[in-house]
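Structural features, examined
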Amino acid sequence: TIDMLSASCGDITGMSVGNSCLINTTPVTITSSSPVLSMSFLMASIGDSNIETHRIDALGVTNEVVSVPAACSSLLTVSGNTIANKTIPGVATRITVSSTTPFTQVTITQIIGTYYAYVRNANVQVIPCNAGTAPTLSATTKATTCPSTKVDLTALLTSTTPAGASLVWYTNNTHTGTAIADATQVATAGTYYAFYYDATNSCYSPATAAVTATITN
């Protein structure tokens, strides 16, 4: 556990002990030197016990989950990535941000409140993820070639699939729902996104740009 140094925070692996970041009109950003799947920190109001509301965002991630210990549920209300707290001054609650997509930054922004909150003792849980960066594609369109009525989306791939990962395709850029069963035989026109997926650690790479598949019968 390493304390943060200033309102910009920076790389948490290089922070000095005994300092904290104040949140008021300026958001606080916590940055990890390497991609992680989970980041946690202590946060509390100071000045009085008025309700303060903050939004917590993981950079480049749309499926982040914000959680607090069950014992702290009487002090904070979590709704999506927004937390509303009414704490005794000086009482800190551990906030954890996690995702199945690796991220390097968390930003904490005050939405409601006139008093400062502080954030300190940031740490990360480095969970191995072999998904790496987003796949590289040669184009963002793919059309059928007569007489075929199906397209092979995998033919667009120009990068090498990382060891321990596989190439998967979805119809959305958040890898929700079910992956395309066979991306070499796509018969439905639409928009598709590719990811690398590490099944062992249950994590994905970032998504590619949208790929438009055109089917001509």
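Residues numbered from 1 in each chain as written. Predicted model: local features only at pLDDT ≥ 70, side-chain atom pairs only at ≥ 80, totals over all residues. Heavy atoms only, no water.

1. Quick notes on the overall build of the chain
Heads up, the condition is: The helix and strand labels rest on DSSP assignments: H or I over at least four residues marks a helix, E over at least two residues marks a strand, and numbering proceeds from the N terminus. Burial status follows relative accessibility: with a 1.4 Å probe on protein chains alone, a residue under 20% of its type maximum counts as buried, one over 50% as exposed, and anything between as partly exposed. We call two residues contacting when some pair of their heavy atoms lies within 4.5 Å. Surface accessibility follows the Shrake-Rupley procedure with a 1.4 Å probe radius. Residue values consider only the protein chains on display as shielding.
In terms of helices and strands, the chain carries zero helices and 14 strands. Moving toward the C terminus, one meets the helices and strands of the chain in the order β-β-β-β-β-β-β-β-β-β-β-β-β-β. Looking at the chain residue by residue over its 217 residues, the buried ones come to 37%. Look at the contacts in the chain between residues 6 or more apart in sequence, and 70% of them connect residues 24 or more apart. With the model as given, the accessible surface of the chain reaches about 10400 Å², and the carbon-plus-sulfur share is 54%.

2. Things to note about the layout of surface pockets
Condition: Grid points spaced at 1 Å and placed over the protein atoms alone form the basis of the search, with a cavity being a set where a 1.4 Å probe fits but cannot get out and a pocket an open set showing protein on both sides within 12 Å along at least five of seven lines. Lining residues have an atom within 4 Å of a point. Grid points are joined across faces, edges and corners, and a volume is the space filled by probe spheres set on the points.
By volume, the largest pocket is sized at about 370 Å³. Around the largest pocket sit 24 residues that line it, and Gly60, Thr101, Pro102, Ser205 and Pro206 are the ones nearest its centre.

3. Considering the nonpolar core
Note the cut-off: In this text, buried Ala, Val, Leu, Ile, Met, Phe, Trp, Tyr and Cys residues form a nonpolar core when linked through side-chain atoms within 4.5 Å.
The biggest cluster of nonpolar side chains holds 16 residues, and the ones touching the most others in it are Phe41, Ile56, Ile95, Val97, Phe103 and Val106. Elements represented by at least two residues in this core include exactly strand E3 (28–45), strand E4 (52–58) and strand E8 (93–112). Once you skip the residues sitting within four places of it in the chain, Val106 turns out to touch Val28, Thr29, Ile30, Met39, Phe41, Ile56, Asp57, Ala58 and Val97. Of all hydrophobic cores here, the second largest spans 12 residues; its members include Leu137, Val151, Leu153 and Ala213.

4. Some thoughts on the pattern of salt bridges
Selection rule: Salt bridge criterion: a side-chain nitrogen from Lys or Arg within 4 Å of a carboxyl oxygen from Asp or Glu.
Taken as a whole, this structure holds one salt bridge when the rule is applied. Measuring nitrogen to oxygen at the nearest pair gives 2.8 Å for the salt bridge that ties Asp57 to Arg55.

5. Side note on the confidence of the model for the chain
Our working rule: Every residue carries a pLDDT, the predictor's confidence in it, which falls somewhere between 0 and 100.
With 69% of its residues at a pLDDT of at least 70, the chain reaches an overall mean of 75. Summarising per-element confidence for the chain, the mean pLDDT is lowest in strand E1 (residues 10–11) (34) and highest in strand E11 (residues 166–170) (97). Note that pLDDT drops below 50 for residues 1–19; the model gives that stretch 55 contacts with residues more than four away or on any other chain. Segment residues 121–125: pLDDT under 50, and 27 contacts once partners within four positions in sequence are set aside and those in other chains are kept.

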